[in-house]
Amino acid sequence: MFIDNLIESIKAKKSPVVVGLDPRIEKTPQFIKDVAFKRKGENIEGISEALYLFNKGIIDAVYDVVPAVKIQVAFYEVYGIEGFKAFFKTAEYAKNLGLMVIADVKRGDIQEVAKMYSKAYLQNQLFDAITVNPYMGEDTIMPYVEDAIKYDKGIFALVKTSNKGSKDIQDIKTATGEYVYQRVAKIINKISKSAVGKYGYSSIGAVVGATYPEEAKVLRKEMPNCFFLVPGYGAQGGTVEDIMDCFDENGLGAIINSSRSVIYAYQSPYWKDVYSEYEYAQAARAEVILMTGMINNGLVKRKYIAC
Ligand SMILES: O=C(O)c1cc(=O)[nH]c(=O)n1[C@@H]1O[C@H](COP(=O)(O)O)[C@@H](O)[C@H]1O
């Protein structure tokens, strides 16, 4: 079952960190671009190759210390077919090294269309889970739920997103006095009961932003079966303290994503004097280990069990 495998991988690696592979060509080290452009030309093919080589370096450096990677499709889709090749090759490379792969595709749409998105990602052996957007209603996410159960996969449904504007719609009060995100949480929590594994968590999880700790605290109680995918840590301002309420006292309940802060750690004020751009992958590893240590310390301080 997806969620049991994820939890076992978190325990084995002693880390709840997910590395976000959201590569930008303008931030890719020159030596990688040189290799890629020489191989494929200074064009879309060369750019896609550079993104893949960049990801490969990161994956090689972190695969033994994190349970999963999250690959945000927009960074590949922007380069068309060649970009998609880099997306799938990255997923394959990560999978072959034992990582769980979350395709961050945030799909929605009417059932007939959702079935096709679901087939594209959840029926593809390269992906263990996807992000979905439930804001079109319960019926629109059922195809993903059915496939998740049938093919042992996972979904993370947007509930309270990390961006500033998430309040515009998600924080509107409904006639019954609850916020819109709480209504969505209720729907996801209800559905999650159909896929609960041996640790009490479901393969139907929720996305809850690190930037909204108060909301996360409420949601942890309202969605007891839902594992949280927590983006917004690091570059968006989320801190260790902010994410603590996403966990339960067993140190489970959440995986924390960080994309820019990890993959571009070599450019950060903290690491830039330690690692050169040639060592970008070692910097990512150092950042992930630091992040894991800080989260585990935070859990211990709360008298929770560390991962
Ligand atoms: O679903 C997501 O992963 C997601 C939801 C959300 O509310 N906020 C959010 O930032 N994300 C994703 O998390 C990643 C955040 O990237 P960094 O800010 O660079 O760590 C991106 O891939 C976003 O698409």
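Quick caveat, the model's predicted, so the values are computed rather than measured. (Residues numbered from 1 in each chain as written. Predicted model: local features only at pLDDT ≥ 70, side-chain atom pairs only at ≥ 80, totals over all residues. Heavy atoms only, no water.)

S.K.: How should I be thinking about the site of the ligand in this particular structure?
M.R.: Close to the ligand lie 16 residues; Asp22, Ser162, Gln236, Ser259 and Arg260 are nearest. One nitrogen or oxygen atom from the side chain of Asp104 is found 3.1 Å from an oxygen atom belonging to the ligand. Coverage of the ligand by the protein chains reaches 90% of its 500 Å² of free accessible surface. (Near = heavy atom within 4 Å. Polar contact = N/O pair within 3.5 Å; in protein donor to acceptor, adjacent residues only side chain to side chain. Areas by Shrake-Rupley, 256 points an atom, 1.4 Å probe, with all protein chains shown as cover.)

S.K.: Is there a simple way to think about helix H10 (residues 213-222) in this case?
M.R.: Since the α-helix advances by 3.6 residues per turn, residues separated by three or four positions end up pointing in the same direction. Those residues of H10 that sit buried are Glu215, Ala216, Leu219 and Arg220. Along the axis of H10, the buried positions cluster into a sector of 140 degrees, meaning they face one direction only. Along H10, exposed side chains directed more than 90 degrees from the buried face belong to Glu214 and Lys221. Against the buried residues of H10 lie strand E5 (154-160), helix H9 (180-192), strand E6 (202-208) and strand E7 (226-230). (Buried < 20%, exposed > 50% of the residue type's maximum accessible area, 1.4 Å probe, protein only. Helix = DSSP H or I, 4+ residues; strand = E, 2+ residues; numbered from the N terminus. Arc of directions from axis to C-beta. Contact = heavy atoms within 4.5 Å.)

S.K.: I tried to follow the packing of helix H6 (residues 111-121) against helix H7 (residues 138-150) on my own but got confused; where do I start?
M.R.: When two helices pack together, their arrangement is given by the angle between the helix axes and the distance between those axes. Their axes nearest at 8 Å, the elements H6 and H7 cross at an angle of 30 degrees. The pairing of H6 with H7 is recorded here as roughly parallel in orientation. Crossing hand, H6 versus H7: right-handed. Note on element contacts: H7 touches H6 through Asp139, Thr140, Met142, Pro143, Tyr144 and Asp147, opposite Gln111, Ala114, Lys115, Tyr117, Ser118 and Lys119. Split into classes, the residues belonging to the contact of H6 with H7 amount to 5 nonpolar, 3 polar and 4 charged. (Axes fitted to C-alpha atoms, helices over the stretch in contact; angles between N-to-C directions. Parallel < 35°, antiparallel > 145°, perpendicular 65-115°, else oblique. Left-handed = near helix turned anticlockwise from the far one by under 90°. Nonpolar A, V, L, I, M, F, W, Y, C, P; charged D, E, K, R; others polar.)

S.K.: How should I be thinking about the side chain of Ser118 in this particular structure?
M.R.: When you line up the elements, Ser118 lands in helix H6. On the basis of relative accessibility, which here comes to 0%, the residue Ser118 falls in the buried class. Setting aside residues no more than four positions away along its own chain, Ser118 makes contact with Gln123, Pro143, Tyr144 and Asp147.

S.K.: Mind showing me how you'd approach the nonpolar core here?
M.R.: Most often, soluble globular proteins keep nonpolar side chains buried together rather than apart. Counting 107 residues, the largest nonpolar core has Val19, Phe156, Phe227 and Phe228 as its most contacted members. The biggest single contributor to this core is helix H3 (residues 44-62), with 10 residues. (Core = buried A, V, L, I, M, F, W, Y, C linked by side-chain atoms within 4.5 Å.)

S.K.: What should I look at first to understand helix H2 (residues 30-40) in this one?
M.R.: The set of residues buried in H2 consists of Ile32, Lys33, Ala36 and Phe37. One face of H2 carries all of its buried residues, which in axial projection span an arc of 120 degrees. Opposite its buried face, H2 presents the exposed residues Lys38 and Arg39, each directed more than 90 degrees away.

S.K.: How should I be thinking about the pairing of strand E4 (residues 129-132) in this particular structure?
M.R.: Within a regular strand, side chains alternate between the sheet's two faces. Burial of E4 is two-sided: the residues Ala129 and Thr131 facing one way and the residues Ile130 and Val132 facing the other way are all buried. In this structure, E4 lies alongside E5, joined through 4 bridges in parallel fashion. In the sheet register, Ala129 faces E5, and the bridge partner there is Gly154. Considered for its hand, the β-α-β crossover made up of E4, H7 and E5 is right-handed. (Pairing = 2+ DSSP bridges. Right-handed = clockwise from strand over helix to strand, strands pointing away.)

S.K.: Even after reading the chapter, I still don't get the pattern of salt bridges, so can you show me in this structure?
M.R.: Opposite charge on two side chains permits them to pair, given that their charged atoms come into close proximity. Under the defined criterion, the tally for this structure stands at 16 salt bridges. Where Glu8 meets Lys198, a salt bridge forms, and the shortest distance between an N and an O atom there is 3.1 Å. Here Glu8, found in helix H1 (residues 2-13), pairs with Lys198, found in the loop between H9 and E6; they are 190 residues apart in sequence, far enough to count as distant. According to the relative accessible area criterion, Glu8 is partly exposed, its value standing at 31%. According to the relative accessible area criterion, Lys198 is exposed, its value standing at 62%. (Salt bridge = Lys/Arg side-chain N within 4 Å of Asp/Glu carboxyl O.)

In short, shape yes, function no, at least from these values alone.
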